[in-house]
2 protein chains.
Amino acid sequence: MDSITPFQFSLVYNAFSFTFATMAATTAFLWLCRSQVAPAYRTAVTISGLVTAIAAYHYLRIFESWNESYSLKDGIIAGTGFAFNDAYRYVDWLLTVPLLLIELVLVMRLSPEETSSKTVRLGSAAALMIVLGYPGEIATDIPTRALWGTLSSIPFVYIVWELFRGLGESIEQQPAVARGLVRKARLLTFASWGFYPIVYMAPYAGISGATATTVIQLGYTIADIVAKAGLGVLIYMISVRKSQVEAGGVALHTH
Amino acid sequence: MDSITPFQFSLVYNAFSFTFATMAATTAFLWLCRSQVAPAYRTAVTISGLVTAIAAYHYLRIFESWNESYSLKDGIIAGTGFAFNDAYRYVDWLLTVPLLLIELVLVMRLSPEETSSKTVRLGSAAALMIVLGYPGEIATDIPTRALWGTLSSIPFVYIVWELFRGLGESIEQQPAVARGLVRKARLLTFASWGFYPIVYMAPYAGISGATATTVIQLGYTIADIVAKAGLGVLIYMISVRKSQVEAGGVALHTH
């Protein structure tokens, strides 16, 4: 197992700080601008900001945990003996991943019955996916990691099926100006989520030790920024366009 | 290489603290006053506040990093062995420089198509400029610094061209009361940005060691205050004037 270099330590350190700033800034943007969309879309925009707020909190914690687990002095890096708490990611996902799917359903403005059935089904599947993935993440051997990874991908496949089959028809009924953006939001969710299993499997590829840690941390960080801050901004843009259409083509700005 | 003096240490220390206060105060001002401009300009004012909020966070971090890297006791200054993390600046710029250009485009209120094409092009060029500048900043030799500095100036020249040629016509179409201010905002962006390459090149001028560090830190700090807090206040003033004109010459103050 290779030991971490000062460059790798600093790269992850700065990536965590960057992500905290990005998530906090996105939260401020979404919560300040929610008054600029029609009331029907404010819950979607509020929840998008909740997701980035929860992520900001966890990135602050993960940044501190990273900083406590290494000591970089006089250009020499050494482990302090305090473990890096990677569980913050799973705790974060357990809260944010169901909410991400809920914000996507809410911005589509389906019938109340459909909204509640979709949010319950997608939200539960997302929570199950995270819970099943965790035992594999902390496993030290590849077979255990593979087993839980496979179990976790069952709810993942169900979510993808729901997004593309179950929500497909509803997407076609979105107003023309917003349809392309809603499709992009779905694709962004699918593509950024597809990134997590790849990172999860980094140890399979023979990448181990400090390089694996660096790749895994940077990979999850990039995926989180796209899936949370990126999706949040898209949800806001969809809400603005749909608000304008529903106000009869006139820009609607209530508050 | 000269070592830092207690005076130089305190000067940079106080400059960082001053800048944190300035950025945080500007954020509070912009977000509190956003309701006093017409809805069409609120996004520009919100984003101006985001830029100063992100900068405030990074100045708090950079202040603490500076403070941890030196120990000043009984009038004697000594390095603690903990490196000063200058990367916070680049992490900050990666987020804020694209946003600065976006706030400038948004306050001009162009057509939706023009707004999205300009924000994407200017935002991407700005991010590229920052990414290309970083390897030069951390380089220890002048030729490497010069190489990356030159590469970084390619997107910089493109941005300047876009601001003066691409946006020139749009500026002429701004309402008369706001036109002068929009030109000033563009000039301030150009002039404050022109300051960064000068600071970047401080090591060329034979300024090295602690004097170089002090000059670089103070230089970037002054440039950041002008480019972020200064531009934010200008964007707010432009928004207020344009709101008044569009409300038929009457001052518009909702809620």
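Only a predicted model underlies this, so the values are computations on that prediction, with no experimental measurement involved. (Residues numbered from 1 in each chain as written. Chains lettered and ligands numbered in written order. Predicted model: local features only at pLDDT ≥ 70, side-chain atom pairs only at ≥ 80, totals over all residues. Heavy atoms only, no water.)

**Notes on the overall build of chain A**
Selection rule: To qualify as a helix, a DSSP run of H or I must reach at least 4 residues; to qualify as a strand, a run of E must reach at least 2; elements of each kind are numbered from the N terminus. Here the globule rule reads 2.2 Å times residues to the power 0.38, and the radius of gyration is calculated from C-alpha atoms. Under the scheme applied here, a residue whose accessible area is under 20% of the maximum for its type counts as buried, over 50% as exposed, and between as partly exposed, the area being computed with a 1.4 Å probe on protein chains only. All tallies of charge rest on Lys and Arg as positive and Asp and Glu as negative; His and the ends of each chain are not included. For the purpose of locating charges, the reference atoms are NZ of Lys, CZ of Arg, CG of Asp and CD of Glu.
Each helix and strand counted, chain A has eight helices and two strands in total. Taken from the N to the C terminus, the helices and strands of chain A come in the order α-α-β-β-α-α-α-α-α-α. Rg of the C-alpha trace for chain A: 20 Å, near the compact-globule value of 18 Å for 255 residues, within the 12% margin. Taking all 255 residues of chain A together, the buried fraction comes to 51%. Charged side chains in chain A number 17 positive and 16 negative. The centres of these two groups are separated by 10 Å.

**Some words on the packing of aromatic side chains**
Using the following cut-off: Side-chain rings of Phe, Tyr and Trp (the six-membered ring for Trp) are treated as a pair once their centres are within 6.5 Å; stacked means planes under 30 degrees apart, edge-to-face means over 60, and tilted covers the remaining angles. We count a charge as sitting over a ring when the NZ of a lysine or the CZ of an arginine lies within 6 Å of the ring centre and within 35 degrees of the ring normal.
Taken as a whole and assessed by the stated rule, the structure comprises 36 aromatic pairs over all chains. Among the aromatic side chains, those forming a connected cluster through ring pairs are Phe9(A), Tyr13(A), Phe16(A), Tyr59(A), Phe63(A), Trp66(A), Tyr70(A), Phe84(A) and Tyr88(B). Above the ring of Tyr200(A), the side-chain terminus of Arg145(A) is found at 4.8 Å from the ring centroid.

**Quick notes on the side chain of Gln174(A)**
All names here are of chain A. We apply this condition: For this analysis, a polar contact is any N or O atom pair within 3.5 Å, provided that within protein one partner can donate a hydrogen and the other can accept it, and provided that sequence-adjacent residues contribute only side-chain to side-chain pairs. Two residues form a contact once any of their heavy atoms are found within 4.5 Å.
Assignment of secondary structure puts Gln174 in the loop between α6 (168-172) and α7 (176-200). Side-chain polar atoms of Gln174 contact the backbone oxygen of Met108, separated by 2.9 Å. Here the side chain of Gln174 touches Lys242 through a polar contact of 2.6 Å, side chain to side chain. In this structure Gln174 touches Val107, Met108, Arg179, Val182 and Lys242, once residues within four positions along its chain are discounted.

**Points about the pairing of strand β1 (residues 70-73) of chain B**
Across a regular strand the side chains alternate sides, sitting on one face of the sheet and then on the other. Residues and elements named next belong to chain B. The test is simple: Any two strands between which DSSP finds at least two bridges are classified as paired.
When β1 meets strand β2 (residues 76-79), the two strands line up antiparallel, connected through four bridges. Residue pairing in the sheet places Ser71 in a bridge with Ala78 of β2. In textbook terms, the turn of a hairpin is the stretch between consecutive antiparallel strands, and for β1 and β2 this stretch comprises two residues, one of which, Asp74, has a positive phi near 55°.

**Topic: the interface of chain A and chain B**
Basically, it comes down to this: By definition, a salt bridge exists where a carboxyl oxygen of Asp or Glu is found within 4 Å of a side-chain nitrogen of Lys or Arg. Three classes are used, and their members are as follows: Ala, Val, Leu, Ile, Met, Phe, Trp, Tyr, Cys and Pro are nonpolar, Asp, Glu, Lys and Arg are charged, and the others, Gly among them, are polar.
Listed as interface residues are 22 residues of chain A and, on the opposing side, 23 residues of chain B. Counting across the interface, chain A meets chain B through zero salt bridges. Listing elements by their share of the side of chain A that touches chain B, those giving two or more residues are α1 (6-33), α2 (39-69) and β1 (70-73) of chain A. Looking at the side of chain A that touches chain B, its residues break down into 13 nonpolar, seven polar and two charged.

**Re the packing of helix α4 (residues 112-138) of chain A against helix α5 (residues 142-166) of chain A**
Residue and element names in this part refer to chain A. Counted only if it meets this: Lines are fitted to the C-alpha atoms to define the axes, a helix being fitted only along its stretch in contact, and any angle between axes, read from their N-to-C directions, falls within 0 to 180 degrees. Here roughly perpendicular refers to angles of 65 to 115 degrees, roughly parallel to angles under 35, roughly antiparallel to angles over 145, and oblique to all remaining angles. Handedness of each helix crossing follows the sense of rotation of the near helix against the far helix: counterclockwise by less than a right angle gives left-handed, clockwise gives right-handed.
Packing of α4 against α5 brings their axes to within 7 Å, and their N-to-C directions diverge by 160°. Classed by the angle they form, the pair α4 and α5 counts as roughly antiparallel. In this structure, α4 meets α5 at a crossing whose hand is left-handed. Counted together, Lys118, Arg121, Leu122, Ala125, Ala126, Leu128, Met129, Leu132, Gly133, Pro135, Gly136 and Glu137 of α4 and Thr144, Arg145, Trp148, Leu151, Ser152, Pro155, Phe156, Tyr158, Ile159, Glu162 and Gly166 of α5 form the full contact between these two elements.

**Considerations on the pattern of salt bridges**
Under the defined criterion, the tally for this structure stands at 18 salt bridges over all chains. For the salt bridge of Lys118(A) with Glu162(A), the shortest nitrogen-to-oxygen distance reads 3.3 Å. Placement of Lys118(A) in helix α4 and of Glu162(A) in helix α5 is noted, with a sequence separation of 44 residues between them. A single burial state applies to Lys118(A) and to Glu162(A), both of which are buried. Note that Lys228(B) is salt-bridged to Asp224(B), the shortest N-O span being 3.3 Å. Of this pair, Lys228(B) and Asp224(B) both sit in helix α8 (residues 209-246), separated by four residues, roughly a single helical turn. Under the relative-accessibility criterion, Lys228(B) is labelled buried at 1%. On the basis of relative accessibility, which here comes to 1%, the residue Asp224(B) falls in the buried class.

**Examining the relation of the copies chain A and chain B**
A rotation about an axis combined with a shift along that same axis relates the two copies of the chain. Applicable threshold: Alignment of copies: least-squares fit on C-alpha atoms of residues with pLDDT of at least 70 in both copies.
For the match of chain A to chain B, the screw axis carries a shift of 0.3 Å, the RMSD comes to 0.1 Å, and the turn is 72°. What the rotation and shift describe, once combined, is the action of a five-fold rotation axis. Both copies present different contact surfaces, since only 5% of the interface residues of chain A are interface residues in chain B too.

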